[in-house]
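Structural overview for review
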Amino acid sequence: LAKTTQPISMDSYEGQEVNITCSHNNIATNDYITWYQQFPSQGPRFIIQGYKTKVTNEVASLFIPADRKSSTLSLPRVSLSDTAVYYCLVGPPPRGYQKVTFGTGTKLQVIP
Amino acid sequence: DSGVTQTPKHLITATGQRVTLRCSPRSGDLSVYWYQQSLDQGLQFLIQYYNGEERAKGNILERFSAQQFPDLHSELNLSSLELGDSALYFCASSGDYYNEQFFGPGTRLTVL
């Protein structure tokens, strides 16, 4: 499984766009990139997944450059309720059975 | 609500004791995963079952064991408990896409 590196923490003001970057230099050709969100004392929640270019859903956007050695989770106009830990995971294609490794994630603090 | 249920929500016990944590996956999900999260730590993958069979193993201690029953619910057994076993234990389930896991609310274990 590809090793990922994320900032330990980030602060942002309410209403701003937040971009959290994850480095995964040894990503394999068939690896996918997945992001989870975890609130204190709750289980993580799947946010978004992508393979290349850009993926957008109702919650976030995921930008993946051509070399795929990094990815950026973009949260538009954050609110206090977006304060959470965000995990970047890289692993084989979604279908199948694989060990999932969560790193320490990025702790996002949204400030009023 | 993820559709994954875990019982009990809280558990307080003494060192040396044995406890059993229970998880019911989302309807139709065949895969169940167990994770441990100590205070301010990342999620540590323990073990995965698929349709009753062990599929992947993480850093699970020998004092810990798990199983998945024919009705797909799973139990995590923790024995000879130590203070350091105090943590949140999460169960997750998934369908065909292993990286889209749905987490339960967790069981908070306190070992005194």
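Thresholds applied
- Residues numbered from 1 in each chain as written.
- Chains lettered and ligands numbered in written order.
- Predicted model: local features only at pLDDT ≥ 70, side-chain atom pairs only at ≥ 80, totals over all residues.
- Heavy atoms only, no water.
- Contact = heavy atoms within 4.5 Å.
- Buried area = accessible area lost by both parts, 1.4 Å probe.
- Polar contact = N/O pair within 3.5 Å; in protein donor to acceptor, adjacent residues only side chain to side chain.
- Pairing = 2+ DSSP bridges.
- Helix = DSSP H or I, 4+ residues; strand = E, 2+ residues; numbered from the N terminus.
- Salt bridge = Lys/Arg side-chain N within 4 Å of Asp/Glu carboxyl O.
- Buried < 20%, exposed > 50% of the residue type's maximum accessible area, 1.4 Å probe, protein only.
- Axes fitted to C-alpha atoms, helices over the stretch in contact; angles between N-to-C directions.

1. With respect to the interface of chain B and chain A
With 25 residues of chain B at the interface, the matching set in chain A holds 23 residues. Where chain B abuts chain A, roughly 2000 Å² becomes buried across the two surfaces, and 52% of that area is made up of carbon and sulfur atoms. Three residues, Leu-43, Tyr-98 and Asn-99 of chain B, lead the burial of chain B against chain A; their summed loss comes to 33% of the area buried on that side. Counting the contacts that link chain B with chain A gives four residue pairs in polar contact (both at pLDDT 80 or more).

2. Side note on the pairing of strand β5 (residues 53-56) of chain A
All names here are of chain A. Pairing of β5 with strand β6 (residues 61-64) involves four bridges; the strand directions are antiparallel. Looking across to β6, one finds that Thr-56 is bridged to Ser-61. Hairpin geometry of β5 and β6 is characterised by an intervening segment of four residues between the two adjacent antiparallel strands.

3. Examining the pattern of salt bridges
Residues and elements named next belong to chain B. The final tally for this structure, using the stated rule, is four salt bridges over all chains. Salt-bridge contacts for Arg-22 lead to Glu-75; the nearest nitrogen and oxygen are separated by 4.0 Å. Highlighted residues: Arg-22 in strand β3 (residues 19-24) and Glu-75 in strand β8 (residues 74-78), separated in sequence by 53 residues. Classification of Arg-22 as partly exposed rests on a relative accessible area of 33%. One salt bridge in this structure joins Arg-63 and Asp-85, with 2.8 Å as the shortest N-O distance. Within this pair, whereas Arg-63 is found in the loop between β6 (53-57) and β7 (64-68), its partner Asp-85 is found in the loop between β8 and β9 (87-94), the two being separated by 22 residues in sequence.

4. Looking at the sheet that holds strand β1 (residues 5-7) of chain B
All names here are of chain B. With antiparallel pairing, four strands are arranged side by side in an open sheet as β1-β3-β8-β7. In this open sheet, the two strands that pair with only one neighbour each are β1 and β7. Ignoring strand direction, the axes of neighbouring strands in this sheet form an average angle of 15 degrees. In this sheet, β8 lies alongside β7 in antiparallel orientation, the contact comprising five bridges. Paired with Ala-66 across the two strands is Leu-76, which belongs to β8.

5. A word on the environment of Ser-24 of chain B
All names here are of chain B. Relative to the helices and strands, Ser-24 resides in strand β3. Placed 48 residues apart in sequence, Ser-24 and Leu-72 show a C-alpha to C-alpha distance of 7.1 Å. Other than its neighbours up to four places away in sequence, Ser-24 contacts Gly-3, Val-4, Thr-5 and His-73.

6. Quick look at the pairing of strand β9 (residues 106-111) of chain A
All names here are of chain A. Side-chain alternation along β9 places Thr-106, Leu-108 and Val-110 on a buried face and Lys-107, Gln-109 and Ile-111 on a face that remains uncovered. Looking at chain direction, strand β1 (residues 9-13) and β9 are connected through five bridges and run parallel. Across the sheet, Tyr-13 pairs through a bridge with Ile-111, a residue of β9. Examined bridge by bridge, strand β8 (residues 84-91) and β9 share three bridges and lie antiparallel to one another. What sits directly across from Tyr-86, in β9, is Thr-106.

7. Things to note about unusual backbone geometry
Trans peptide bonds make up most of the peptide bonds, and negative phi angles are found at most residues other than glycine. For the bond from Thr-7 of chain B to Pro-8 of chain B, the omega torsion is -10 degrees, close enough to zero to count as cis. For Pro-8 of chain B, the position within the fold is in the loop between β1 and β2 (10-13). Positive phi outside glycine occurs at Ser-41 of chain A, with the angle close to 60 degrees. On the basis of relative accessibility, which here comes to 47%, the residue Ser-41 of chain A falls in the partly exposed class. One non-glycine residue with positive phi stands out, namely Arg-68 of chain A, at about 60 degrees. Mapped onto the elements of the fold, Arg-68 of chain A is located in the loop between β6 and β7 (70-75).

Fair warning: the whole summary comes from geometry, so function is off the table for now.
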